[in-house]
Amino acid sequence: MKLLQDKIIQSGKVLSENVLKVDTFLNHQIDPILMQAIGNEFAARYKDAGITKILTIESSGIAPSMFAGLTLGVPVVFARKRKSLTLSDNLFTSKVHSFTKGETNDISVSKDFINHEDTVLIIDDFLANGQAALGLLDILNQAEAKTAGVGIVIEKGFQPGGQLIREKGIRVDSLANIKSLANGKVEFFEEETSR
């Protein structure tokens, strides 16, 4: 997705060979026009997949998921990372390790919102080591829901997450797939390798 790649080059900051900071448009401040284009792109790619729900994880996956959900006309469910007084039982849970934050969280989704009748599209902001996506896939497995695929805004294709998910036979659509962050420069794979 050229619009996204241009925004990454224009506004992203390469902090190291493994870390890309995109807080000016994706995961702190949100560019709603870009998020709408991203949501529309995911919706277009999955329009014939029979999606009944979109599943993401708080908080950076919510914005692109909302626009995709709006276009597809389906609800968006987000897995919570923190315990809530109103969300204490009747849950699907999974453990997710964040390498960026250096912590492991239990993520939870109410059993009221996803079940065996659902066909679910997972959407998240980043795919690096694959832990968030694997946790969401675990929740869908517990719910006996069908997984349509995993939509990723930015994949770090040089890290193992994408390969882990694809090796499970799951469709992965990354809108920007980064080949390298070496020497402070973002280099992308060609779009067709993102599947």
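This text gives an overview of the structure that appears in the document.

Cut-offs and rules
- Starting afresh in each chain, residues are numbered from 1 along the sequence in its written order.
- Under the rules for a predicted model, residues below a pLDDT of 70 receive no local features and side-chain atom pairs below 80 are neither given nor counted, while totals for whole chains, interfaces and linings still include all residues.
- Excluded from the side-chain calculations are hydrogens and water; all other atoms, namely the structure's heavy atoms, are used.
- By convention a nonpolar core is built from buried Ala, Val, Leu, Ile, Met, Phe, Trp, Tyr and Cys residues, the set being connected through side-chain atoms within 4.5 Å.
- Exposure categories follow from relative accessible area, calculated using a 1.4 Å probe and restricted to protein chains: below 20% of the type maximum is buried, above 50% is exposed, and the middle band is partly exposed.
- Strands are runs of DSSP state E lasting at least 2 residues, helices are runs of H or I lasting at least 4, and numbering of each runs from the N terminus.
- Whether two strands pair depends on DSSP finding at least two bridges between them.
- Two residues form a contact once any of their heavy atoms are found within 4.5 Å.
- Only the stretch in contact is used when a helix axis is fitted, and all axes are lines through C-alpha atoms; the angle between N-to-C directions ranges over 0 to 180 degrees.
- Here is how to tell: hold the view so the strands point away, follow the path from the first strand over the helix to the second, and if it runs clockwise the crossover is right-handed.
- In a left-handed crossing the near helix is turned counterclockwise from the far helix by less than a right angle, and in a right-handed crossing that turn is clockwise.
- In this classification, Asp, Glu, Lys and Arg are treated as charged, Ala, Val, Leu, Ile, Met, Phe, Trp, Tyr, Cys and Pro as nonpolar, and every other residue, Gly included, as polar.
- A carboxyl oxygen of Asp or Glu within 4 Å of a side-chain nitrogen of Lys or Arg is what we treat as a salt bridge.

Turning our eyes to something else, we now look at the nonpolar core. The nonpolar side chains of soluble globular proteins are, as a tendency, buried together. Leu4, Ile8, Leu20, Leu26, Ile38 and Ile154 are the most contacted members of the largest nonpolar core, which totals 29 residues. Secondary-structure elements contributing two or more residues to this core are helix H1 (2-11), helix H2 (32-45), helix H3 (62-72), strand S7 (119-127), strand S8 (146-156) and strand S9 (172-180). Counting residues in each nonpolar core, the second largest holds 25 residues, with Val109, Leu140, Val150 and Val172 among its members.

With that settled, the discussion passes to the sheet that holds strand S4 (residues 76-79). Two strands in a sheet stick together by hydrogen bonds in their backbones, pointing the same way (parallel) or opposite ways (antiparallel). Taking strand neighbours across the sheet as the criterion, the six strands line up as S4-S3-S7-S8-S9-S10 in an open arrangement whose pairing is mixed. Pairing within the sheet leaves two strands with one partner each, and these edge strands are S4 and strand S10 (187-188). Contacting S7, S8 and S9, H2 runs over the sheet at an angle of about 120° to S9. Sheet strands in contact with H3 are strand S3 (53-57), S4, S7 and S8, and its direction is about 175° off that of S3.

On to unusual backbone geometry, then. The peptide bond linking Glu58 to Ser59 adopts the cis configuration, its omega dihedral lying at 0°. Residue placement: Ser59 occurs in the loop between S3 and H3. Within the chain, Glu144 stands out as a residue other than glycine whose phi angle is a positive 60°.

Moving residue by residue along a regular strand, the side chains alternate between the two faces of the sheet. Counted residue by residue, S8 has nine buried out of 11 residues, so it is predominantly covered. Judged from the eight bridges that link them, S7 and S8 form a sheet pairing that is parallel. Directly across from Ile122, in S8, lies its bridge partner Val150. A crossover connection joins S7 to the parallel S8 through helix H4 (residues 131-143); in handedness this β-α-β unit is right-handed. Alignment of S8 against S9, held across six bridges, turns out to be parallel. Within S9, the position partnered with Gly151 by the bridge is Asp173. Regarding the hand of the β-α-β motif, the stretch spanning S8, helix H5 (residues 161-167) and S9 is right-handed.

This part takes up the packing of H1 against H2. The contact between H1 and H2 brings their axes to 10 Å, and the two run at 145°. When you trace H1 past H2, the crossing you get is left-handed. Contacts between H1 and H2 involve Leu3, Leu4 and Lys7 from the first element and Leu34, Ala37 and Ile38 from the second. Residue composition of the contact of H1 with H2, by class: five nonpolar, no polar and one charged.

Next up on the list: the pattern of salt bridges. Two side chains with opposite charge may pair up if their charged atoms get near one another. As enumerated under the stated definition, the model contains 11 salt bridges in all. For Asp173, the salt bridge is made with Arg45, and the minimal N-O distance between the two is 3.2 Å. With Asp173 in strand S9 and Arg45 in helix H2, this residue pair connects regions lying 128 residues apart in the sequence. Arg45 shares its class with Asp173; the two are buried.

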